[in-house]
Amino acid sequence: MLTCKQFLQELNDYLDPNTDPDLKRKLQSHVTECPNCFVIVDTTQKTLQVYKGVEPQTIPDDVKSRLWKALERKIAAKKQAQS
Amino acid sequence: MTYSENWMSLTPTTPVGSAFDESALVAKAKAGDAQAFSDLVNHYERKIYRLAKHITQNDEDAEDVLQETFLKAYEHLENFQGNSKFYTWIVRIAVNESLMKLRKRKSDRTVPLDEPVDTGEEMVAREIAVWEDNPEQRYGRDEMQEILNSAVQSLKPDFRTVFILRDIEELSTEETAETLGISIPAVKSRLLRARLALREKLTRQFKRKGEDVFAYL
């Protein structure tokens, strides 16, 4: 039986769907027996879910405007250098 | 596809609802089609801005990074070999630019980089409690964003950057290692510490009040 510390060190492998099935079973047996690690797994999964659910934020209009103006200058300069 | 009205000489080439074909746009852009490059910028600018804000934690630096990333990408487009995805390539540029900003700020000593936070380094979980149901629905979008940003901001830059690349930008472990110039075991180790530290922080915020672990059982 793994200790909680050993399990935590393997937590990423437990959460990774591509982990070797034997290792996964070994880790699963700890989670089944240990309420604390069960909660840690659950709340870690929820942590990842809330971050994945965040949409990229809108760029403020002035920031966007300066980006496009800078790009326009760059492209114009490149075209001028080529001609 | 939306388009910046500030670039009046160009118009969107990708009709609304049509598939975004990154490799075709990159090929056109490499052949000198500025319009194709603008479509690539349109597609990725928000993600690059988010990445830069997450790493630098500073609006001004994030704007600089956003600009530098696409200006450098345009300047060096002919060097892009296509061995990786274009997006991975610009993420690498953006990460390097962001880290330079962090290093500069650290040397300026204007902003503390290493805040006294728990980073999970000792691999000890202190907060073990179930979360309330659907915290995303309980908090407003802006408030939720603030909570998540604040938690990420509290991580050390090394951990923060790995978490952002792996769990938000969804780069692979190998791509993250290559982007940051660190080993694969280092990526895995930092990711674990970052995830555990964030879990602790969010649990303090989202834990169900007045109950304990046995709420699950």
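These figures come from a predicted structure and were not determined experimentally. (Residues numbered from 1 in each chain as written. Chains lettered and ligands numbered in written order. Predicted model: local features only at pLDDT ≥ 70, side-chain atom pairs only at ≥ 80, totals over all residues. Heavy atoms only, no water.)

> Is there a simple way to explain the environment of P135 of chain B in this structure?
Residue and element names in this part refer to chain B. Along the chain, P135 turns up in helix α5 (residues 135-138). Along the primary structure P135 and F206 are separated by 71 residues, whereas in three dimensions their C-alpha atoms are 6.6 Å apart. The contact partners of P135, leaving out residues within four places of it in the chain, are M144 and F206. (Helix = DSSP H or I, 4+ residues; strand = E, 2+ residues; numbered from the N terminus. Contact = heavy atoms within 4.5 Å.)

> Mind showing me how you'd approach empty space enclosed by the protein here?
Leftover empty space is mapped by rolling, across the atoms, a probe with the size of a water molecule. The final tally for this structure, using the stated rule, is two cavities of 30 Å³ or more. Taken together, Y51 and V54 of chain A together with R50, H54, Q145, L148, N149 and I168 of chain B form the lining of the second largest cavity. With three residues, helix α6 (residues 141-153) of chain B is the largest single contributor of residues to the lining of the second largest cavity. Looking at the lining of the second largest cavity residue by residue, the class counts come to four nonpolar, three polar and one charged. (1 Å grid on protein atoms, 1.4 Å probe; cavity = no way out; pocket = protein on both sides within 12 Å on 5 of 7 lines; lining within 4 Å. Points joined across faces, edges and corners; volume = space filled by probe spheres on them. Nonpolar A, V, L, I, M, F, W, Y, C, P; charged D, E, K, R; others polar.)

> I keep staring at helix α3 (residues 21-33) of chain A and nothing clicks. Help me out?
Within an α-helix, residues lying three or four positions from one another point in the same direction, as the helix has 3.6 residues per turn. Residue and element names in this part refer to chain A. The terminal C-alpha atoms of α3 lie 18 Å apart, and with 13 residues this matches the ideal 18 Å at 1.5 Å per residue to within 8%. Within α3, burial applies to L27, H30 and V31. One side of α3 carries all its buried residues, which in axial view fall inside an arc of 100°. Turned more than 90 degrees off the buried face of α3, the exposed positions are P21, R25, T32 and E33. Looking at the buried positions of α3, the neighbouring elements they touch are α1 (4-9), α2 (11-15) and α4 (35-52). (Expected span 1.5 Å × (residues − 1). Buried < 20%, exposed > 50% of the residue type's maximum accessible area, 1.4 Å probe, protein only. Arc of directions from axis to C-beta.)

> I'm lost on the packing of aromatic side chains in this one. Help?
Any aromatic ring pair is given by two values, namely how distant the centres are and how the planes are angled relative to each other. Inspection of every chain in the model, using the stated rule, returns eleven aromatic pairs over all chains. Seen in terms of ring centroids, Y51 of chain A and F163 of chain B are 5.1 Å apart; in terms of plane orientation they differ by 80°. Their pairing is edge-to-face. Here Y51 of chain A, found in helix α4, pairs with F163 of chain B, found in helix α7 (residues 157-168), and the two come from separate chains. Judged by relative accessible area, which is 2%, Y51 of chain A ranks as buried. Aromatic side chains Y44 of chain B and Y87 of chain B sit 4.9 Å apart centroid to centroid with 25° between the ring planes, which places their arrangement in the stacked category. Highlighted residues: Y44 of chain B in helix α2 (residues 34-56) and Y87 of chain B in helix α4 (residues 86-108), separated in sequence by 43 residues. (Phe/Tyr/Trp six-rings, centres within 6.5 Å; stacked < 30°, edge-to-face > 60°.)

> Looking at this model, I keep getting lost on the pattern of salt bridges. Mind explaining?
Pairs may arise between side chains of opposite charge once their charged atoms sit close together. Applying the stated rule across the entire model yields 21 salt bridges over all chains. The shortest N-O distance in the salt bridge between R25 of chain A and D22 of chain A comes to 2.4 Å. Linking R25 of chain A with D22 of chain A, this pair stays in helix α3, spanning three residues, or about one helical turn. On the accessibility criterion, R25 of chain A (54% relative accessible area) is exposed. Several salt bridges converge on common partners, so that one network encompasses E127, R199, E200, R204 and K207 of chain B. (Salt bridge = Lys/Arg side-chain N within 4 Å of Asp/Glu carboxyl O.)

> Even after reading the chapter, I still don't get the interface of chain A and chain B, so can you show me in this structure?
Frequently, the measure chosen for interface size is the accessible area removed from exposure when the parts meet. Facing the 39 residues of chain A at the interface are 52 residues of chain B. Both faces considered, chain A and chain B share a buried interface measuring about 4700 Å² in area, 67% of it formed by carbon and sulfur atoms. Contact with chain B buries area across many residues of chain A, yet Y51, Q57 and W68 of chain A alone supply 17% of it, more than any other trio. For the interface between chain A and chain B, the tally reads five salt bridges. The residue E75 of chain B makes a salt bridge to K74 of chain A at a minimum N-O spacing of 2.7 Å. Among the elements of the structure, α1, α2, α4 and α5 (61-82) of chain A are those that each provide at least two residues to the side of chain A that touches chain B. Residue contributions to the side of chain A that touches chain B peak at 14 residues, all from α4 of chain A. (Buried area = accessible area lost by both parts, 1.4 Å probe.)

> Just to check I follow, could you spell out the packing of α4 of chain A against helix α9 (residues 184-206) of chain B for this structure?
Each pair of packed helices gets described by two things: the angle between the helix axes and the distance between those axes. Across the interface, α4 of chain A lies against α9 of chain B with an axial gap of 9 Å and an inter-helix angle of 90°. Taken together, the axes of α4 of chain A and α9 of chain B are roughly perpendicular relative to one another. Judged by residue contacts, I40, T43, T44, T47, L48, V50 and Y51 of chain A of α4 of chain A engage R195, L196, L198, R199, L202 and T203 of chain B from α9 of chain B. Considered class by class, the residues forming the contact of α4 of chain A with α9 of chain B number seven nonpolar, four polar and two charged. (Axes fitted to C-alpha atoms, helices over the stretch in contact; angles between N-to-C directions. Parallel < 35°, antiparallel > 145°, perpendicular 65-115°, else oblique.)

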